[in-house]
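Each chain, letter by letter, is given below.
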Amino acid sequence: NIGTKKFVDGEMVAFYPNAYNVYEKNGELYGMVAHGDCICDSERSYCRLNQDGTHDVIIDCWQVFYFDDKIYYYDAALDEDDDEYQIYVFSADVDGGNVSIVSPEVTEMPTYQTVIVYGEYLIYSDFNGGICVKKPNGEKIDLYSEYSAMTQIQFVNDSYVYYTECE
């Protein structure tokens, strides 16, 4: 079982069941909620968390990443030209407003979803082993594309992308 507790002056004042990856903005709490009895359940949503322990779903997605009061997440959008859904990285305000696509098309939903904003660069996972970078001019670079290995981006430091790999 998972959940997030809120403490004020050492006293627990609220409990948010099934909530994790919590972020506070302007006195409101937001976070991921696993719908079910354990964190292993696959249905998850990004939600506004209410003081009484309830939540309001904002976006159905597996995970969000916070950078500069924005959230980043993977989702599918309908491509009008070929009438198929394509996967992209999206960005939105923390409250779920101002949603926009911020990446080129992602090959398939990554096994380890990760998005990092580094200056004006967007670094994100692509399927099993891909690591992509969207440059400020919109160009996509396949930084690493070993699709026979599963990689997980860990962090970026001094212009180097650090990741783990499992073969």
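Residues numbered from 1 in each chain as written. Predicted model: local features only at pLDDT ≥ 70, side-chain atom pairs only at ≥ 80, totals over all residues. Heavy atoms only, no water.

Engineer: Could you clarify how one ought to interpret the environment of tyrosine 74 in this entry?
Structural biologist: With respect to the helices and strands, the residue tyrosine 74 is situated in strand β8 (residues 70-79). Looking at tyrosine 74, the relative accessible area reads 3%, which means it is buried. Spatially, the C-alpha atom of tyrosine 74 lies 7.8 Å from that of tryptophan 62, the residues being 12 residues apart in sequence. A distance of 3.1 Å separates a polar side-chain atom of tyrosine 74 from the backbone oxygen of threonine 114. (Helix = DSSP H or I, 4+ residues; strand = E, 2+ residues; numbered from the N terminus. Buried < 20%, exposed > 50% of the residue type's maximum accessible area, 1.4 Å probe, protein only. Polar contact = N/O pair within 3.5 Å; in protein donor to acceptor, adjacent residues only side chain to side chain.)

Engineer: Where do I start with a nonpolar patch on the surface in this structure?
Structural biologist: A cluster of nonpolar residues, Phe7, Met12 and Phe15, forms a patch on the protein surface that exposes about 300 Å² of accessible area. Summarising the element assignment, phenylalanine 7 is placed in strand β1 (residues 3-8). (Patch = residues over 30% accessible without salt bridge, like charges linked within 9 Å, V, L, I, M, F, W, Y side chains within 5 Å. Areas by Shrake-Rupley, 256 points an atom, 1.4 Å probe, with all protein chains shown as cover. Salt bridge = Lys/Arg side-chain N within 4 Å of Asp/Glu carboxyl O.)

Engineer: Any chance you could explain the state of the cysteines here in plain terms?
Structural biologist: In a disulfide, the sulfur atoms of two cysteines are held together by a covalent bond. Scanning all chains against the criterion turns up zero disulfides. The thiol sulfur of cysteine 61 is not disulfide-bonded, and the nearest other cysteine sulfur, from cysteine 47, lies at 8.7 Å. In this structure cysteine 132 is not part of a disulfide, and its nearest cysteine sulfur, from cysteine 61, lies 19 Å away. By relative accessible area, cysteine 132 is classed as buried at 1%. (Disulfide = S-S within 2.5 Å.)

Engineer: Explanation requested: the sheet that holds strand β9 (residues 84-93) in the structure shown.
Structural biologist: The four strands lie next to each other as β7-β8-β9-β10, forming an open sheet whose pairing is antiparallel. Each edge of the sheet is formed by a strand with only one pairing partner; in this case those strands are β7 (65-67) and β10 (100-101). As paired elements, β9 and β10 share two bridges and run antiparallel to each other. What sits directly across from phenylalanine 90, in β10, is isoleucine 101. (Pairing = 2+ DSSP bridges.)

Engineer: Honestly, the layout of surface pockets in this entry has me stumped. Any pointers?
Structural biologist: If a probe the size of a water molecule is rolled over the atoms, the empty space left behind becomes visible. Each pocket or cavity is described by its volume, and for the largest pocket that value is around 190 Å³. Every residue lining the largest pocket is listed: Tyr118, Tyr121, Ile123, Val133, Lys135, Ile141, Leu143, Val156, Ser159, Tyr160 and Val161. Elements represented by at least two residues in the lining of the largest pocket include exactly β12 (121-126), β14 (140-145) and β16 (160-166). (1 Å grid on protein atoms, 1.4 Å probe; cavity = no way out; pocket = protein on both sides within 12 Å on 5 of 7 lines; lining within 4 Å. Points joined across faces, edges and corners; volume = space filled by probe spheres on them.)

Engineer: Honestly, the environment of serine 145 in this entry has me stumped. Any pointers?
Structural biologist: By the element assignment, serine 145 lies in strand β14. For the pair formed by serine 145 and aspartate 68, sequence separation is 77 residues and the distance between their alpha carbons is 28 Å. In this structure, serine 145 is in contact with Gly129 and Gly130, ignoring residues within four places of it in sequence. (Contact = heavy atoms within 4.5 Å.)

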